[in-house]
Amino acid sequence: MHRVVDHLEGDYDVAVLGGGFAGATASRRLTRAGLRVLIIEARDRLSGRMWSQQQYFEGHTVEWGGAFMLDRATYPLTWQEIDDHGLALEWGSLEKTTLIWLSGGSRRTGPLPVPIDELASLETLIVAISGLAARIDPNRPIEEQDVSELDVPWPQLLADLQLGPHTRELFEAHIVTLAGDSWDVPSALPLLHSIAKSGSVSGATFFAAPYDTPMARTLGPQLAEGTGALFNAVLAGSDADVVLGVRVTDVEDTGTGVRVRTTAGDITVPAVVSALPIGVLAEVRFTPELSEELKTLAAQGVAAQAEKVTAFVSNCPDPFYAHGIPQEGGFATASTTFHHGDQAIVVGFTSAVGALDVTDPAAVEKALQHYVPGITVDALAWHDWAGDPFARGTWSYLRPGQTAIRPKARQARGRVTFAGSDFDSRLGVEGALHTGGLAAEEVLGILNR
Ligand SMILES: Cc1cc2nc3c(=O)[nH]c(=O)nc-3n(C[C@H](O)[C@H](O)[C@H](O)COP(=O)(O)OP(=O)(O)OC[C@H]3O[C@@H](n4cnc5c(N)ncnc54)[C@H](O)[C@@H]3O)c2cc1C
């Protein structure tokens, strides 16, 4: 069981910098191996970019950051934790969900994501994507494959394809939601890779056969007790000490140990796991300097700056999943994650950063009314992850060129190892669990344990 301490003094084998999922996972592995571990966390709470708050509005939990558990094939470590700890899940119901599509300025409902006269165009797109994904061997590390022609933004890859305007907008909204960025920024490679792994375009996109699209089916379920239950489950296996409200400023590997300088004083330990977001790494001074690859990643920062908004709404007659690019800006996707009577919780991802004043209930209401006329907003929850000094972004979605350098960027430097979902092609919490485990094994090697 972990223990919260209020100072840095103590005899520790390892300092874990950052108490998100990656740091917690590393600390669990290390304390199970008998090491004394101190987690140094800048915020006054743990769990980083996956942060749930219970009883936020009328008894409902809000997930400020990450929340959706992707499918078992994509998130094996996460599902292992869910199974091991018997965590309950909430799935959306396809049968009851109204599907809403907005493209070309028109709103449609029903199973077809494009107007009927664009079905051939949609098929052309799906066949093209399947063909591109087939060039990837799902059983070999992506960075070892010669697929650089796929490591470009989607508009470039689809330039020669004759697509109808609705089909194009549909797919653009999909990429915007996945990447949390404009669709001409992220690389096409991560999505093609997950299509190659899942074996089907439909498994990895929002237009699943036969156009089975709600967020709960595509992004996965949410945890009934919130992501905090998953975090507590991971941390419950760790005997680490935790110090909160302490920011790491300098990390110096002296050859015989690592001196960690913080806002609450210094501590020297035999080894370190840096489990900080890459956008924050540039603000911590490392001696010796970070590798060139890591400096590049740190300078580029977390790609996604998406705005995730949770709206507690009324006058919402049906559960819905809405998808599109509203012409005046708004939500690229919005979906009910809870529905009772005519009240619901809607989670939306904006179509572009700044496209909508996400702090203004009237503006959010208007944006939702493009999808559901008459819907009203009772309360909002939104966190500025891009402006948060301990996050500097949301989730990491690969930009062109990043696939090749990420494994090298994560490599240990002397006594300092690196973890965090931003280093990993597995998005989100799965990447944090995976790299937390890798960094812990590296520390065990460094300390000959
Ligand atoms: C809006 C949003 C939606 C998301 N949606 C999903 C989703 O649906 N599914 C999914 O799987 N993932 C999702 N993610 C991504 C997921 O939340 C993250 O990938 C994951 O939580 C990252 O874990 P981590 O441990 O690598 O980093 P973090 O959780 O960021 O942990 C890093 C820790 O380091 C601390 N820290 C920062 N600077 C310092 C410092 N100088 N000194 C000490 N401590 C410091 C931070 O406070 C933090 O606790 C989403 C994220 C956001 C923000």
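The structure displayed is predicted, hence computed values, not measured ones.

Digging into the overall build of the chain
Phase 1: Helices and strands together make up the secondary structure of the chain, namely 14 helices and 21 strands.
Phase 2: The C-alpha atoms of the chain give a radius of gyration of 22 Å, which matches the 22 Å a tight globule of 449 residues would have.
Phase 3: Referenced to the eigenvectors of the C-alpha coordinate spread, the extents of the chain come out at roughly 70 × 50 × 35 Å.
Phase 4: When the 449 residues of the chain are sorted by exposure, 55% land in the buried category.

Description of the site of the ligand
Phase 1: The full set close to the ligand counts 36 residues, and E41, R43, R49, Y75 and S421 are the nearest of them.
Phase 2: Residue A67 places a main-chain N or O atom 3.3 Å away from an oxygen atom belonging to the ligand.
Phase 3: Between the ligand and the protein, one listed contact pairs an oxygen atom with a side-chain N or O atom of Y75 at 2.7 Å.
Phase 4: When the ligand sits alone it has 1000 Å² of accessible area, and the protein chains cover 97% of it.
Phase 5: When residues of the shell around the ligand are traced back to their parent elements, those giving at least two are helix 1 (21-32) and helix 14 (428-446).
Phase 6: No other element matches the 3 residues that helix 14 contributes to the shell around the ligand.

Considering the environment of A282
Phase 1: Tracing the sequence through the fold places A282 in the loop between helix 10 (278-281) and strand 15 (285-287).
Phase 2: Overall, A282 belongs to the exposed group, its relative accessible area being 53%.
Phase 3: With 17 residues separating them along the chain, A282 and A299 place their C-alpha atoms 6.5 Å apart.

Brief notes about the packing of helix 3 (residues 119-133) against helix 5 (residues 165-179)
Phase 1: Two elements in contact, helix 3 and helix 5, have axes whose closest approach is 8 Å; the angle formed by their N-to-C orientations is 45 degrees. Compared by their axis directions, helix 3 and helix 5 come out oblique. For the crossing formed where helix 3 meets helix 5, the hand is right-handed. Only T167, L170 and F171 of helix 5 make contact with helix 3, whose side of the interface consists of S121, L122, L125 and I129.
Phase 2: Class assignment for the residues of the contact of helix 3 with helix 5 results in 5 nonpolar, 2 polar and no charged.

A look at the domain arrangement of the chain
Phase 1: Entries for the chain in the domain assignment read domain 1 (3-49 + 227-301 + 396-446), domain 2 (89-111 + 211-223 + 306-384) and domain 3 (116-204).
Phase 2: The C-alpha centroid of domain 3 is placed 33 Å from the C-alpha centroid of domain 1.
Phase 3: Contacts between the two partners involve 8 residues from domain 1, matched on the other side by 14 residues from domain 3.
Phase 4: Buried area between domain 1 and domain 3, summed over both chains or domains, comes out near 970 Å², and the portion from carbon and sulfur atoms is 65%.
Phase 5: Contact with domain 3 buries area across many residues of domain 1, yet Y397, P400 and T403 alone supply 59% of it, more than any other trio.
Phase 6: The tally of links from domain 1 across to domain 3 stands at 0 salt bridges.
Phase 7: Among the residues forming the side of domain 1 that touches domain 3, the class breakdown is 5 nonpolar, 2 polar and 1 charged.

What to know about unusual backbone geometry
Phase 1: Here the residue pair T287 and P288 is connected by a cis peptide bond, since its omega of -10 degrees sits within 30 degrees of zero.
Phase 2: Positive phi is not limited to glycine here, since S47 has a value of about 85 degrees.
Phase 3: Mapped onto the fold, S47 is located in the loop between strand 3 (37-40) and strand 4 (52-57).
Phase 4: A residue is classified by how much of its surface remains accessible, and S47, at 9% relative accessible area, is buried.
Phase 5: Backbone geometry at N315 places phi at a positive 55 degrees, although glycine is not the residue there.

Structural notes on the sheet that holds strand 15
Phase 1: Judged by pairing direction, the sheet is mixed, and its 4 strands sit side by side in the order 13-12-11-15 without closing on themselves. The open sheet has two free edges, formed respectively by strand 13 (265-269) and strand 15, since each of these has just one partner strand. Shown here is a sheet whose adjacent strand axes are inclined to one another by a mean of 15 degrees, direction ignored.
Phase 2: Taken together, the 5 bridges between strand 11 (residues 248-253) and strand 12 (residues 258-262) define a ladder with antiparallel strand orientation. Looking across to strand 12, one finds that V248 is bridged to T262.

Here we look at the pairing of strand 7 (residues 98-103)
Phase 1: Of all 6 residues making up strand 7, 5 are buried, and the element is well covered by its neighbours.
Phase 2: One ladder, built from 5 bridges, connects strand 7 with strand 17 (residues 320-324); its direction is parallel. Residue pairing across strands places L102 opposite G324, the latter belonging to strand 17.
Phase 3: Pairing of strand 7 with strand 8 (residues 106-109), which is carried by 4 bridges, proceeds in the antiparallel orientation. In the strand pairing of strand 8, W101 is matched with R108.
Phase 4: As consecutive antiparallel partners, strand 7 and strand 8 are separated by 2 residues, and within that stretch G104 has a phi angle of approximately 55 degrees, a positive value.

What about the packing of helix 2 (residues 76-84) against helix 14?
Phase 1: The interhelical angle for the contact between helix 2 and helix 14, taken along N-to-C directions, is 90 degrees, at an axis separation of 8 Å. When the axes of helix 2 and helix 14 are compared, the pair comes out roughly perpendicular. Contacts between helix 2 and helix 14 involve P76, L77, T78 and E81 from the former and V429, E430, L433 and H434 from the latter.
Phase 2: Within the contact of helix 2 with helix 14, the residues separate by chemical class into 4 nonpolar, 2 polar and 2 charged.

Thresholds applied
Residues numbered from 1 in each chain as written. Predicted model: local features only at pLDDT ≥ 70, side-chain atom pairs only at ≥ 80, totals over all residues. Heavy atoms only, no water. Helix = DSSP H or I, 4+ residues; strand = E, 2+ residues; numbered from the N terminus. Rg over C-alpha atoms; globule rule 2.2 N^0.38 Å. Buried < 20%, exposed > 50% of the residue type's maximum accessible area, 1.4 Å probe, protein only. Near = heavy atom within 4 Å. Polar contact = N/O pair within 3.5 Å; in protein donor to acceptor, adjacent residues only side chain to side chain. Areas by Shrake-Rupley, 256 points an atom, 1.4 Å probe, with all protein chains shown as cover. Axes fitted to C-alpha atoms, helices over the stretch in contact; angles between N-to-C directions. Parallel < 35°, antiparallel > 145°, perpendicular 65-115°, else oblique. Left-handed = near helix turned anticlockwise from the far one by under 90°. Contact = heavy atoms within 4.5 Å. Nonpolar A, V, L, I, M, F, W, Y, C, P; charged D, E, K, R; others polar. Domains from an automatic or database assignment. Buried area = accessible area lost by both parts, 1.4 Å probe. Salt bridge = Lys/Arg side-chain N within 4 Å of Asp/Glu carboxyl O. Pairing = 2+ DSSP bridges.

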